[in-house]
Amino acid sequence: MNQISQETLTIVTTGDDGAATGSAATIPINGFLLDVFLDYNAAAPATTDVTISDSVFGNLCVKSNNATDVWLAPRKQTCDGVAADSGLYDLIPVHGSLTVSVAQANALSPCLTITVRWLEQ
C-alpha cells in the first residue's frame, strides 16, 4: 500500500549576518520525493541559500538567493536504454535521510521551516 508521508524540520542558523549556516536531517525515507515547502523566517536575508541533498544523487534541489516562501517539486531527468536524454522527468527515489543545509543567512532561530513530503513504498 502506498501513502504520502511528511516531516517538518526547523533549521537554526548561527554565525554572522549574511554568512550564518545551519543544517538538519530528515528521518530515514524509503520512497519517492514529492515536494518540499520552504517557509523562511521573515528576517531571513535575500542572500539565503537552501540545499536539499542525499547520499546517492547529491544535491536534489538548490534554491539560491531567496527568502520568499516557496513550494518546490524536485524531479530527476530520465533517459532511454542507450542513455539518450528523453526530455522527461520523474520522481526522485530516496532510501535514507535527506540533509537540508542553509547558508548565507543571518543568525535566526529558526531561519527556515521546511516540510518534506514523500510517497512511501
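Please read all numbers here as calculations on a predicted model, not as lab measurements. (Residues numbered from 1 in each chain as written. Predicted model: local features only at pLDDT ≥ 70, side-chain atom pairs only at ≥ 80, totals over all residues. Heavy atoms only, no water.)

J.: Got a minute to help me understand the overall build of the protein in this structure?
T.: The secondary structure content of the protein amounts to zero helices and eleven strands. When the helices and strands of the protein are placed in sequence order, the string is β-β-β-β-β-β-β-β-β-β-β. Taking the principal axes of its C-alpha atoms as reference, the protein extends roughly 50 × 30 × 20 Å. Counting over 121 residues, the protein shows a buried share of 39%. Of the roughly 6,500 Å² of accessible surface on the protein, a fraction of 51% belongs to carbon and sulfur atoms. Placing the 4 positive and 12 negative side-chain charges of the protein at their respective mean positions leaves the two points 8 Å apart. (Helix = DSSP H or I, 4+ residues; strand = E, 2+ residues; numbered from the N terminus. Buried < 20%, exposed > 50% of the residue type's maximum accessible area, 1.4 Å probe, protein only. Areas by Shrake-Rupley, 256 points an atom, 1.4 Å probe, with all protein chains shown as cover. Lys, Arg positive; Asp, Glu negative; His and termini not counted. Charge placed at Lys NZ, Arg CZ, Asp CG, Glu CD.)

J.: Please clarify how the pattern of salt bridges should be interpreted in this entry.
T.: Any two side chains of opposite charge can pair, given that their charged atoms come close. Counting across every chain of the model gives one salt bridge. Between Arg117 and Asp35 there is a salt bridge, with its nearest N and O atoms 2.7 Å apart. With a gap of 82 residues between them, Arg117 in strand β11 (residues 112-120) and Asp35 in strand β3 (residues 29-40) connect regions that are remote in the sequence. Accessibility expressed as a relative area gives 24% for Arg117, which makes it partly exposed. By relative accessible area, Asp35 is classed as buried at 9%. (Salt bridge = Lys/Arg side-chain N within 4 Å of Asp/Glu carboxyl O.)

J.: Please explain the sheet that holds strand β2 (residues 20-25) as it appears in this structure.
T.: Spatial strand order, β2-β10-β4-β5: four strands in an open sheet with antiparallel pairing. One side of each edge strand has no neighbouring strand; the edge strands of this open sheet are β2 and β5 (58-63). Each neighbouring strand pair of the sheet contributes to a mean axis angle of 15°, computed without reference to strand direction. Pairing between strand β4 (residues 49-54) and strand β10 (residues 99-105): five bridges, direction antiparallel. For Asp49, the partnering residue across the bridge sits in β10 and is Ala103. (Pairing = 2+ DSSP bridges. Axes fitted to C-alpha atoms, helices over the stretch in contact; angles between N-to-C directions.)

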